[in-house]
Amino acid sequence: MLPVVWRENAAQALDEIVDYISQFDEGAADRLEAQALDCSRNLPHFPHAYRAGRVEGTREAVFHPNYILVYRVGESDDRNNQCHAYAPTLSGRLAEVLAG
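**Q** When you look at the pattern of salt bridges in this model, what are you seeing that I'm missing?
**A** A side chain with one charge can pair with a side chain of the opposite charge if their charged atoms come near. Enumeration according to the criterion identifies three salt bridges in this entry. Among the ionic pairs, Asp-38 bridges to Arg-41, the shortest N-O distance being 2.7 Å. Of the two residues, Asp-38 and Arg-41 are both situated in helix H2 (residues 26-42); the distance of three residues between them amounts to about one turn of the helix. When its relative accessible area of 41% is taken as the criterion, Asp-38 is described as partly exposed. Since its relative accessible area comes to 48%, Arg-41 is described here as partly exposed. Glu-60 is the partner of Arg-54 in a salt bridge, and the nearest nitrogen-oxygen pair spans 3.1 Å. What makes Arg-54 exposed here is its relative accessible area of 65%. Looking at Glu-60, the relative accessible area reads 4%, which means it is buried.

**Q** Honestly, the nonpolar core in this entry has me stumped. Any pointers?
**A** Soluble globular proteins: nonpolar side chains tend toward being buried together. Ranked by size, the top nonpolar core spans 14 residues in total, and within it Ile-21, Leu-32, Phe-63 and Tyr-67 carry the most contacts. Elements with a contribution of two residues or more to this core: helix H1 (8-22), H2, strand E2 (59-64) and strand E3 (67-73). For Ile-21, the contacting residues outside a window of four places in its chain are Ala-28, Ala-29, Leu-32 and Tyr-67.

Conventions and cut-offs
- Residues numbered from 1 in each chain as written.
- Predicted model: local features only at pLDDT ≥ 70, side-chain atom pairs only at ≥ 80, totals over all residues.
- Heavy atoms only, no water.
- Salt bridge = Lys/Arg side-chain N within 4 Å of Asp/Glu carboxyl O.
- Helix = DSSP H or I, 4+ residues; strand = E, 2+ residues; numbered from the N terminus.
- Buried < 20%, exposed > 50% of the residue type's maximum accessible area, 1.4 Å probe, protein only.
- Core = buried A, V, L, I, M, F, W, Y, C linked by side-chain atoms within 4.5 Å.
- Contact = heavy atoms within 4.5 Å.

Pasting the structure below:
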């Protein structure tokens, strides 16, 4: 089983999204954060369960109708046997999350 580790910039991106949503609805922000974390916890158990990504070599786990985790499985560099995930930011950029 692959371990899950969030990279700092991805955790920050998720925090930014949650902080933004909490300005309007704290309950919704808490639920979204829980959904993202639950989804990332499932990546090690079923890394190939989610759809192929739009970017070659990636996969996409939809954890909410408006949010996805984009990740890679089993890179050949120093991250071998790990899942690399990416979290969307408010600006639409992707922040890398290491789930591995």
